[in-house]
Amino acid sequence: DPDPRRRGRRGRRGTHGDRIVIAATALIAEDEALLAASLRAELARLWPELRVVATVDHGAAAVEAALAQRPQLLFLDIRMPGMSGLEAAQALAEEWPVEARRPLPLIVFVTAYDQYALQAFERAAVDYLQKPVQPARLAACCARLRDTLALRTAANGAAKPAAADDAALLGRLRTLLAAPAEAAP
């Protein structure tokens, strides 16, 4: 496809002022259907070039869909039935094919529980959004994701190999999952 926006690369300057238009793909894992629909709608408003390739309602489905679709971004609820978002992120880090042309997706945790925020942000997540997600906060998250994707694209192999990034992420996720969970209020 000759259109670089469809490949998730730096695109043309669009109608969004001075910022560079970045097309990307995302997966949303949220067990509450109304919250998933709301997040999807707000992402469409804030980042029209973002294509949500799947919306799933539990962690195991997130792993399966992410491995099949290879999105660039993951929006993961932490507490879902069965496998949590943290466990799904770790499973993806372990199962992501080394030969994949794309590095592991950038992860944003979206949850109502602030007890995981510091650990998730420091060890695994590009961002952490607390429900109910505020539009201004989501806009800042989208800007951070676009910047990170642009840096990945600009590096185009000049940075350390994706496998090294994946190993570092896997280590951070293992540390996060091994940390004792604080009791919920």
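For the structure, check the block above.
The present account deals with the structure reproduced in this document. (Residues numbered from 1 in each chain as written. Predicted model: local features only at pLDDT ≥ 70, side-chain atom pairs only at ≥ 80, totals over all residues. Heavy atoms only, no water.)

## Things to note about the overall build of the protein
Scanning the protein from N- to C-terminus turns up 6 helices and 7 strands. Reading the secondary structure of the protein in the N-to-C direction produces β-β-β-α-β-α-β-α-β-α-β-α-α. Across the protein, every contact between residues at least 6 apart in sequence was considered, and the portion connecting residues at least 24 apart equals 64%. For the protein, the computed accessible surface area is about 9600 Å², with 53% contributed by carbon and sulfur atoms. (Helix = DSSP H or I, 4+ residues; strand = E, 2+ residues; numbered from the N terminus. Contact = heavy atoms within 4.5 Å. Areas by Shrake-Rupley, 256 points an atom, 1.4 Å probe, with all protein chains shown as cover.)

## With respect to the nonpolar core
Core analysis: the largest hydrophobic core is formed by 28 residues, its most contacted members being Leu27, Ala29, Val56, Leu74, Leu76 and Phe109. Where this core is concerned, the elements lending two or more residues are β3 (24-29), β4 (50-56), α2 (59-69), β5 (73-76), α3 (85-95) and β6 (106-111). A total of 6 residues in this core trace back to one element, the largest contributor, which is α3. Counting 23 residues, the second-largest nonpolar core is a separate cluster that includes Ile22, Leu46, Leu50 and Val126. (Core = buried A, V, L, I, M, F, W, Y, C linked by side-chain atoms within 4.5 Å. Buried < 20%, exposed > 50% of the residue type's maximum accessible area, 1.4 Å probe, protein only.)

## Re the pattern of salt bridges
Within the structure shown, the criterion is met by 5 salt bridges. Across the pair Asp127 and Arg137 runs a salt bridge whose closest N-O atoms are separated by 2.4 Å. Of this pair, Asp127 sits in strand β7 (residues 127-130) while Arg137 sits in helix α5 (residues 135-155), and the two are 10 residues apart along the sequence. A salt bridge links Arg144 to Asp127; its shortest N-O distance comes to 2.6 Å. Highlighted residues: Arg144 in helix α5 and Asp127 in strand β7, separated in sequence by 17 residues. (Salt bridge = Lys/Arg side-chain N within 4 Å of Asp/Glu carboxyl O.)

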